[in-house]
Amino acid sequence: MARKSLMAAAAALAVLAVSTVAAAKDEAVVSLTEKSFAETIAKEALVLVKFTAPWCGHCKSTAAPFEEAAQALKGKAVLADVDATVEKELATKYEVKGYPTIKLFANGEFLTEYSGARDKDGFVKFIERSMLPSVVDLATNDAVDAFLKEHKDATTYVAVKPAEDMAAAFKKLSFALRDLMPEKVFFVSVADASTAADSKTLADAKPVDGSVIAVKPDGGKETFADKAADLDKWVRFNAIPSFGEISRDNSQLYTSAELPVVLTFMDAKAPDAKVKDMFTKLAADKVSGGKALFAWADKEALKSFQDYLGLAGKDPAVAIYSFQSDAKFLYSGDFTEEGLTAWIKSYVAGDLSPTMKSEAVPDANDDPMKVVVGDSWKDVVEDASKDVLIMQYAPWCGHCKKAEPELEKAAAKLASVGSVVVAKMDATLNDAPVAYKAKGFPTIHFFPSGGKDVVEHSGGRSADDFVEFIHKHATTKFEIPDAAEASTDDKKVEEEKKDEL
């Protein structure tokens, strides 16, 4: 009933072909350079590429399972490594922003980024799924109706005689969403508008060649007839249920939608019927006017996320959260339809201020390196009379643990410079203003005095590096204290710490 798609043909080639890429010794994972990368992805049906950095702990822990998967997949797909710190042009071209970043290529084309489990089974299952057709070609109107009936509880996208660029974009999306929402989204194509129009299910959507129709579980239909470049956002938005579960596995779908989420936390095993019914109605009534999504999260599986939002111990726990800006808006009113509706509409109108997390402001803050909390940020960091370097850190972050003592040394060295403040803030317990939110750890900003533009620090993290950076960017110029003076300051700090013990 369904014809083989181009991807099915590619998969068949992948199964039959034995990789011609040579690996070092007995290793199955291939190391690629810029030159061998282009050649490899062009001639191999499926290539899973892991972009790494030599110093990256996650890369090191992923190496063994990636190698095991490569051994298991010999003759089916090529698994490869790229040192992104050496092959910088490749890393830039494929927008590698963290390590490891793992991407799938088929016959020379980038298809999707891997976001699953970083173990052998996860890699193997991903490749095996990738060898199956991601887009089903339906030849008749009866085939269309039968497929839509069989998958009536999912969202199905129907591409009607797509042009070449639309077909390519459609295929890429089918790969990406199949792993994010297995059994929740399906992709099919039909040869022409007349075939789609003869379908009982699609007739009222008035299909035309070049369009894509989203058929939703509630029977609703949306039609896309714009440029292929805009298809990604539209498909992802329509794949999201009106009120569904957000989890670690599908969170990428919500983050890529670029819309805030009206979110509540529930017990997945015994969800509160009142909460579920309330949110289902709010979503169905579209009280956000399309400006926000609605979702729920398992309060056990995502307890750390609930705590991060500042909803620990809340029941019901309700917030509006923006993945893009990390802004949080916590609901504290009565749990009624009227109260929630008014609150959501106030957010849409821009009348709500983000809820800021903060520890208590320290009673004493006399050490060379100052401690900042959410409630003291404005007074300390945005003090226009001072040149301020602030590091946002996470207690569990290895890079932060290495940088913090160096920053303390820099603070001690500059303790006699009255125009300079060196500070740190635990960003897991405190919120910075939205414009300066930590996107990773550590995040370091320099606020020059006089209200000049803020500079983000991205250089070395030794004490001397910090001192030189501050000296270079400071509005109020100063002489760096000499080594003897700095040594005295360091000893003073150490003595104070011993006294505290």
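Description of the structure in this document. Just so it is clear, the structure is predicted and the values come from calculations on it, not from any experiment.

1. Overview of the overall build of the chain
At step 1: Along the backbone of the chain there are 17 helices and 21 strands.
At step 2: On the principal axes, the C-alpha backbone points of the chain span a range of 85 × 65 × 40 Å.
At step 3: Within the chain, the proportion of its 501 residues that are buried is 46%.
At step 4: Long-range contacts, defined here as pairs at least 24 residues apart, represent 71% of the contacts in the chain between residues at least 6 apart.
At step 5: Of the charged side chains in the chain, 62 are positive and 80 negative, and the gap between their average positions amounts to 4 Å.

2. Quick word on the pattern of salt bridges
At step 1: Going through the model one piece at a time under the given rule, you end up with 16 salt bridges.
At step 2: Among the salt bridges present, the one from Asp-326 reaches Lys-328, with a minimum N-O distance of 3.6 Å. Across the pair, exposure class does not vary: Asp-326 and Lys-328 are buried alike.
At step 3: Linking Lys-409 and Glu-406 is a salt bridge whose minimum nitrogen-to-oxygen distance equals 3.5 Å. Residue Lys-409 and its partner Glu-406 are located together in helix α15 (residues 398–413), separated by 3 residues, close to a single helical turn.
At step 4: For Glu-406, a relative accessible area of 21% puts it in the partly exposed group.
At step 5: Three or more residues are tied together by salt bridges with common partners; here these are Asp-326, Lys-328, Asp-431 and Lys-437.

3. Some details on the nonpolar core
At step 1: Core analysis: the largest hydrophobic core is formed by 39 residues, its most contacted members being Tyr-157, Phe-187, Val-212, Leu-231, Leu-263 and Phe-265.
At step 2: Broken down by element, this core gets its largest block of residues, 6 residues, from helix α7 (residues 164–180).
At step 3: Ignoring anything within four residues of it in the chain, the contact list for Leu-231 reads Met-166, Ala-169, Phe-170, Leu-173, Val-212 and Phe-224.
At step 4: Among the nonpolar cores identified, the runner-up in size contains 23 residues, and Tyr-393, Ala-410, Leu-414 and Phe-446 belong to it.

4. Considering the sheet that holds strand β15 (residues 317–321)
At step 1: Spatially, the 5 strands line up as an open sheet ordered β12-β14-β13-β15-β16, and their pairing is mixed. With one partner strand each, in any of the chains shown, β12 (244–245) and β16 (328–330) form the two edges of the open sheet.
At step 2: With 5 bridges connecting them, strand β13 (residues 261–266) and β15 associate as antiparallel partners. Across the sheet, the residue bridging to Val-261 is Tyr-321, located in β15.
At step 3: Strands in contact with helix α11 (residues 273–284) are β13, β14 (293–298) and β15; relative to β13, the strand with the most contacts, it is inclined by about 165 degrees.
At step 4: Against the sheet, helix α13 (residues 337–348) engages β13, β14, β15 and β16, with an angle of about 20 degrees to β15.

5. Here's the deal with the packing of aromatic side chains
Within a pair of aromatic rings, the relevant descriptors are the distance that separates the centres and the angle that separates the planes.
At step 1: This structure, assessed with the given rule, holds 28 aromatic pairs.
At step 2: When the ring of Phe-66 is compared with that of Phe-123, the centres are 5.1 Å apart and the planes differ by 90 degrees; the resulting orientation is edge-to-face. In this pair, Phe-66 is assigned in helix α3 (residues 57–72) and Phe-123 in helix α5 (residues 120–130), connecting sequence segments 57 residues apart.
At step 3: A relative accessible area of 0% means that Phe-66 is categorised as buried.
At step 4: Exposure remark for Phe-123: the relative accessible area of 0% places this residue in the buried category.
At step 5: Measuring from ring centre to ring centre gives 4.9 Å for Phe-329 and Tyr-347, while their planes differ by 70 degrees; the resulting arrangement is edge-to-face. One end of the pair, Phe-329, is in strand β16; the other, Tyr-347, is in helix α13, and 18 residues separate them in sequence. Comparing Phe-329 with Tyr-347 shows no difference in burial state: the two are buried.

6. A look at the sheet that holds strand β4 (residues 78–83)
At step 1: The strand order across the open sheet built from 5 strands is β2-β4-β3-β5-β6, with neighbouring strands paired in mixed fashion. Each end of this open sheet is capped by a strand with a single partner; those strands are β2 (30–31) and β6 (109–113).
At step 2: The sheet contacts of helix α2 (residues 34–43) involve β2, β3 (46–52), β4 and β5 (101–106), and relative to β3 the element is tilted by about 150 degrees.
At step 3: With respect to the sheet, α7 is in contact with β5 and β6, its orientation differing from that of β6 by roughly 30 degrees.

7. Section: the side chain of Ser-134
At step 1: Within the secondary structure, Ser-134 sits in the loop between α5 and β7 (136–138).
At step 2: A polar contact is formed between the side chain of Ser-134 and the side chain of Ser-174, at a distance of 2.7 Å.

What counts, and at which threshold
- Residues numbered from 1 in each chain as written.
- Predicted model: local features only at pLDDT ≥ 70, side-chain atom pairs only at ≥ 80, totals over all residues.
- Heavy atoms only, no water.
- Helix = DSSP H or I, 4+ residues; strand = E, 2+ residues; numbered from the N terminus.
- Buried < 20%, exposed > 50% of the residue type's maximum accessible area, 1.4 Å probe, protein only.
- Contact = heavy atoms within 4.5 Å.
- Lys, Arg positive; Asp, Glu negative; His and termini not counted.
- Charge placed at Lys NZ, Arg CZ, Asp CG, Glu CD.
- Salt bridge = Lys/Arg side-chain N within 4 Å of Asp/Glu carboxyl O.
- Core = buried A, V, L, I, M, F, W, Y, C linked by side-chain atoms within 4.5 Å.
- Pairing = 2+ DSSP bridges.
- Axes fitted to C-alpha atoms, helices over the stretch in contact; angles between N-to-C directions.
- Phe/Tyr/Trp six-rings, centres within 6.5 Å; stacked < 30°, edge-to-face > 60°.
- Polar contact = N/O pair within 3.5 Å; in protein donor to acceptor, adjacent residues only side chain to side chain.

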